[in-house]
Amino acid sequence: MTEIFEAIKRSAIRIKEAIEYDDTGYSDHHNATGDTQLKLDIKSDLIIEEEFQSVLSVKEIVSEEKEEATPLHVNGKYLVGYDPLDGSSLIDVNLSVGSIFGIYEGDYAGSSLKASVYVVYGPRVELVIATDKVYMYRLNKQNEFIFQKEIHLGEKGKLNAPGATQKGWSKEHKALVDAIFQDGYRLRYSGGMVPDLHQILLKGGGLFSYPSTSDVPKGKLRMIFEVFPFAFVFEKAGGMAIDGKNRLLDLAPMHPHDTTPCFFGSNEEIKRVLSIHG
Ligand code: AHG
Ligand code: MN
Ligand code: MN
């Protein structure tokens, strides 16, 4: 597993540099979800593929930016699902973005996840690794990731990050979000799930939601590359992650790009979601 983490660190340093200095324009390609790819989405994907090519324990990779999985090493133990550049459309307004990795064994079900990693490219570059616990690192001037602390969620937080088009929310979901704000929670939503979830994790808790809506009944966020890796982080940090009714890590995708509604948070907020959506 360590060689996988090291490859992710090397990728992150290269992607950070691309974000800082490369062209932020669109390419003329679309990904499997139909999004027009930025040149930076494609480049980040290639950087990661290149770095994993030298890691013998990686059997296969599957990326948000590729239609199908790419086989790497037949005798490898792990499958890696990743979103090379999450929130990439925020780069041209200079907001934080991220990379997300799920390290699976056997298949891409939530229950097959062995570890997850995410990188935040913000004013600083931070990397979070979840195995048995959740560890945070920060990039220094010498391009080394220095351990900062373990991340633990409180039982209850103060932040609310309600995603998706509000026009398409159900009546129940709208009532839930209103009630949470009535209880004094503060709105924190940048449109990038990596910095939005990182903020909730570091500020002790709260709720991030991307529900089923009339325009996207199965949500927007993808199980393999976005939802499962963060569900793993939240559980290991002492919080919970559900699709409204079920534990996210009990789900399994039929196709690499399958999406699901999702709610990540500390225990009190998720119990509240269960009482409405469950
Ligand atoms: P991506 O850039 O990889 O397509 O994903 C962006 C995602 C996620 O980061 C964010 O939480 C969500 O899209 C925001 O969607 P809405 O604008 O619909 O809330
Ligand atoms: Mn994404
Ligand atoms: Mn992406």
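These numbers come from a predicted model, not from an experiment.

Novice: Is there a simple way to explain the pattern of salt bridges in this structure?
Specialist: Side-chain pairing between opposite charges can occur once the charged atoms of the two side chains come close. Under the criterion given, the structure shown has 18 salt bridges. With a closest N to O distance of 2.7 Å, glutamate 51 and arginine 10 form a salt bridge. You can see glutamate 51 sitting in helix α2 (residues 39–53) and its partner arginine 10 sitting in helix α1 (residues 2–21), a full 41 residues away along the chain. Classification of glutamate 51 as buried rests on a relative accessible area of 11%. By relative accessible area, which is 36% here, arginine 10 ends up partly exposed. Across the salt bridge formed by aspartate 178 and lysine 174, the nearest N and O atoms sit 3.2 Å from each other.

Novice: I would appreciate a short explanation of the site of ligand 1 in the present structure.
Specialist: In the neighbourhood of ligand 1, 18 residues make up the surrounding shell, with Asp86, Gly87, Tyr189, Tyr210 and Lys220 lying closest. One of the side-chain nitrogen or oxygen atoms of aspartate 83 is found 3.2 Å away from an oxygen atom of ligand 1. Here an oxygen atom of ligand 1 sits 2.5 Å away from a polar atom, N or O, in the side chain of tyrosine 189. Notes on ligand 1: free accessible area 480 Å², of which the protein chains cover 83%. Among the detected pockets, ligand 1 sits in the largest pocket. Elements with a contribution of two residues or more to the shell around ligand 1: β5 (78–86) and β13 (206–210). Per-element tally for the shell around ligand 1: the top contributor is β5, with 3 residues.

Novice: Please explain the coordination of the manganese ion (ligand 3) as it appears in this structure.
Specialist: Tetrahedral coordination by four donors puts the ideal angle at the metal at 109.5 degrees, and octahedral coordination by six puts it at 90 or 180 degrees. Within the protein, Glu64 (OE), Asp83 (OD) and Leu85 (O) serve as the donor atoms for the manganese ion (ligand 3), at 2.3 to 2.6 Å. In the primary structure, the donors to the manganese ion (ligand 3) are separated according to the pattern E-x18-D-x1-L. A separation of 3.6 Å is found between the manganese ion (ligand 3) and the manganese ion (ligand 2), which share aspartate 83 as a coordinating residue. Pair noted here: glutamate 64 is in the loop between β3 (58–63) and β4 (70–71) and aspartate 83 is in strand β5, with a separation of 19 residues, a long-range link. For the pair formed by glutamate 64 and aspartate 83, the shared burial category is buried.

Novice: Would you take a moment to explain the packing of aromatic side chains for this structure?
Specialist: Aromatic rings considered in pairs are described by the distance between their centres and by the relative angle of their planes. Scanning the entire structure with this criterion turns up 11 aromatic pairs. Ring geometry for phenylalanine 52 and phenylalanine 101: centres 6.3 Å apart, planes at 90°, overall edge-to-face. With phenylalanine 52 in helix α2 and phenylalanine 101 in strand β6 (residues 97–104), this residue pair connects regions lying 49 residues apart in the sequence. Like phenylalanine 52, the residue phenylalanine 101 is buried in the burial classification. Ring centres 4.8 Å apart and planes at 35° place the aromatic pair tyrosine 118 and phenylalanine 230 in the tilted group.

Novice: I'm lost on the sheet that holds β13 in this one. Help?
Specialist: One key point about sheets: their strands pair by backbone hydrogen bonds, in either a parallel or an antiparallel sense. If you trace the 5 strands from one edge of the open sheet to the other, you get β12-β11-β13-β15-β14, paired in mixed fashion. Where the open sheet ends on each side, the last strands, each with one partner, are β12 (186–187) and β14 (240–242). With 2 bridges connecting them, strand β11 (residues 159–162) and β12 associate as parallel partners. Across the sheet, residue asparagine 160 finds its bridge partner in β12, namely leucine 187. The strands touched by helix α4 (residues 193–202) within the sheet are β11, β13 and β15 (262–265), with β13 carrying the most contacts at an inclination of about 155°.

Novice: When you look at the domain arrangement of the chain in this model, what are you seeing that I'm missing?
Specialist: One can read the domain layout of the chain as domain 1 (2–150) and domain 2 (159–277). When each unit is reduced to the centre of its C-alpha atoms, the spacing between domain 1 and domain 2 is 21 Å. Facing the 39 residues of domain 1 at the interface are 27 residues of domain 2. Buried surface at the junction of domain 1 and domain 2, both sides included, amounts to about 2,500 Å², of which 67% is carbon and sulfur. The interface formed by domain 1 and domain 2 holds 2 salt bridges in total. Notably, a salt bridge pairs arginine 222 with aspartate 35, separated by 3.0 Å at the nearest N-O pair. Applying the counting rule to domain 1 against domain 2 returns 11 residue pairs in polar contact (both at pLDDT 80 or more).

Novice: Would you take a moment to explain α2 for this structure?
Specialist: Note: α-helices contain 3.6 residues per turn, so residues at a spacing of three or four share the same orientation. For α2, which comprises 15 residues, the first-to-last C-alpha distance of 21 Å matches the rise-based estimate of 21 Å (1.5 Å per residue) to within 8%. Listed in full, the buried residues belonging to α2 are Leu40, Asp41, Ser44, Asp45, Ile47, Ile48, Glu49, Glu51 and Phe52. The inward-facing, buried residues of α2 contact α1, β2 (36–38), β3, β4, β5 and β6.

What counts, and where the lines are drawn
Residues numbered from 1 in each chain as written. Chains lettered and ligands numbered in written order. Predicted model: local features only at pLDDT ≥ 70, side-chain atom pairs only at ≥ 80, totals over all residues. Heavy atoms only, no water. Salt bridge = Lys/Arg side-chain N within 4 Å of Asp/Glu carboxyl O. Helix = DSSP H or I, 4+ residues; strand = E, 2+ residues; numbered from the N terminus. Buried < 20%, exposed > 50% of the residue type's maximum accessible area, 1.4 Å probe, protein only. Near = heavy atom within 4 Å. Polar contact = N/O pair within 3.5 Å; in protein donor to acceptor, adjacent residues only side chain to side chain. Areas by Shrake-Rupley, 256 points an atom, 1.4 Å probe, with all protein chains shown as cover. 1 Å grid on protein atoms, 1.4 Å probe; cavity = no way out; pocket = protein on both sides within 12 Å on 5 of 7 lines; lining within 4 Å. Sits in = over half its atoms within 2 Å of the grid points. Donors = N, O, S within 2.8 Å, 3.2 Å for Na, K, Ca; no water. Phe/Tyr/Trp six-rings, centres within 6.5 Å; stacked < 30°, edge-to-face > 60°. Pairing = 2+ DSSP bridges. Contact = heavy atoms within 4.5 Å. Axes fitted to C-alpha atoms, helices over the stretch in contact; angles between N-to-C directions. Domains from an automatic or database assignment. Buried area = accessible area lost by both parts, 1.4 Å probe. Expected span 1.5 Å × (residues − 1).

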